[in-house]
Amino acid sequence: LSTLQAVVFDASDKVLFRIDSPTQGLIAGHNTLSPMGKVDDDDPTVQYHSETIENQPMRVVRLIRRDIMPGTPVVVTVAETLHKRERLASHLLGTILAISALLTFLTARLVRDVVRRGLAPMQALSTAIRQRRRGDLNRLQDAGVPRELATFTSAINDLLDRKSTRLNSS
């Protein structure tokens, strides 16, 4: 029995095992694990489920072996507490949150830079209009103006042309 306990030793989780035979009952292991009960020929070879044992949630696997003792199935049950699983889940959650925060930060910086770059021509046009002297009716420079602002620059130039024509005809 001590050899089997050495095999199932785990520093993080408590591991229990039980080996049953329908003819002999408990062969080895912990009687705190519930016995399998009657084994039918159509039972799946491996069964997984969760169970509370000794007031601790545990993950349980049952393996039915029909080849160890011919004609008699042997049921091996192993249960393990969830400490490693919970630590792994916490670690994964922390990693996912850190990656999400980094991606959010990078996305915000990218959006800010794209918007700033996209609005730069509008800012340059606004600055050029504000720096004009009073009464300056010369056309705005439209060379190199992005397509999105070309119609706006063209409309302002048309307005300046009409104003200039009106002043010259008076």
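Residues numbered from 1 in each chain as written. Predicted model: local features only at pLDDT ≥ 70, side-chain atom pairs only at ≥ 80, totals over all residues. Heavy atoms only, no water.

A. How the structure looks around the overall build of the protein. Each helix and strand in the protein was counted, giving three helices and five strands. In the protein, the succession of α and β elements from N to C terminus is α-β-β-β-β-β-α-α. Taken over C-alpha atoms, the radius of gyration comes to 39 Å for the protein, far larger than the 15 Å a tight globule of 170 residues would show. If one aligns the C-alpha atoms of the protein with their principal axes, the spans along those axes are about 120 × 35 × 25 Å. For the protein, the residues scored as buried account for 20% of the 170 residues in total. Positive and negative side-chain charges of the protein, numbering 23 and 18 respectively, have mean locations separated by a distance of 18 Å. (Helix = DSSP H or I, 4+ residues; strand = E, 2+ residues; numbered from the N terminus. Rg over C-alpha atoms; globule rule 2.2 N^0.38 Å. Buried < 20%, exposed > 50% of the residue type's maximum accessible area, 1.4 Å probe, protein only. Lys, Arg positive; Asp, Glu negative; His and termini not counted. Charge placed at Lys NZ, Arg CZ, Asp CG, Glu CD.)

B. Layout of the nonpolar core. Judged by nonpolar contacts, Leu16, Leu33, Ile53, Met58, Val60 and Ala79 together constitute the single largest core of six residues. Each residue touching Leu33, except ones within four places of it in the same chain, is listed here: Leu16, Phe17, Arg18, Ile53, Thr77 and Ala79. (Core = buried A, V, L, I, M, F, W, Y, C linked by side-chain atoms within 4.5 Å. Contact = heavy atoms within 4.5 Å.)

C. Spotlight on helix 3 (residues 147-169). With 23 residues, helix 3 extends 33 Å from end C-alpha to end C-alpha; this agrees with the ideal 33 Å at 1.5 Å per step. Residues of helix 3 that are buried: Leu149, Thr153, Ile156, Asn157 and Leu160. Summarising the contacts, the buried residues of helix 3 are in contact with helix 2 (83-130). (Expected span 1.5 Å × (residues − 1).)

D. Main features of helix 2. End to end, helix 2 covers 67 Å across 48 residues, agreeing with the expected 70 Å (1.5 Å per residue, within 8%). Maximum bend of helix 2: about 40°, positioned at Ala120, with proline Pro121 one to four residues after it. (Bend = angle between axes of the 7 residues up to and from the residue.)

E. Layout of the environment of Arg109. Within the secondary structure, Arg109 is located in helix 2. The exposure class assigned to Arg109 is partly exposed, which follows from its relative accessible area of 38%.

F. The arrangement of the sheet that holds strand 2 (residues 25-29) in detail. Reading across from one edge, 2-1-5-4-3 is the order of the five strands in this open sheet, with antiparallel pairing throughout. Strands with a single pairing partner mark the edges of an open sheet, and in this sheet they are strand 2 and strand 3 (46-53). Pairs of neighbouring strands in the sheet enclose a mean axial angle of 25°, with direction left out of account. (Pairing = 2+ DSSP bridges. Axes fitted to C-alpha atoms, helices over the stretch in contact; angles between N-to-C directions.)

G. Quick peek at the environment of Gln56. Tracing the sequence through the fold places Gln56 in strand 4 (residues 56-69). In this structure, the C-alpha to C-alpha distance between Gln56 and Lys14, residues 42 residues apart in sequence, is 9.5 Å. In this view, Gln56 contacts Lys14, Glu51 and Thr81; residues no more than four positions away in its chain are not counted.

H. Spotlight on the side chain of Arg18. The residue Arg18 is located in strand 1 (residues 15-21) in this model. Among the polar contacts made by the side chain of Arg18, one reaches the side chain of Asp20 at a distance of 2.6 Å. Polar contacts involving the side chain of Arg18 include one to the main-chain carbonyl oxygen of Leu33, which spans 3.0 Å. Among all residues touching Arg18, those that are not within four sequence positions of it are Leu26, Ala28, Gly29, His30, Asn31, Leu33, Ser34, Pro35, Val75, Val76 and Thr77. (Polar contact = N/O pair within 3.5 Å; in protein donor to acceptor, adjacent residues only side chain to side chain.)

I. Examining a nonpolar patch on the surface more closely. Together, Val111, Val115, Leu119, Met122, Ile129 and Phe152 line one region of the surface with nonpolar side chains, adding up to about 500 Å² of accessible area. A total of five residues in the nonpolar patch trace back to one element, the largest contributor, which is helix 2. Relative to the assigned elements, Met122 resides in helix 2. Residue classification places Met122 among the partly exposed positions, given a relative accessible area of 36%. (Patch = residues over 30% accessible without salt bridge, like charges linked within 9 Å, V, L, I, M, F, W, Y side chains within 5 Å. Areas by Shrake-Rupley, 256 points an atom, 1.4 Å probe, with all protein chains shown as cover. Salt bridge = Lys/Arg side-chain N within 4 Å of Asp/Glu carboxyl O.)

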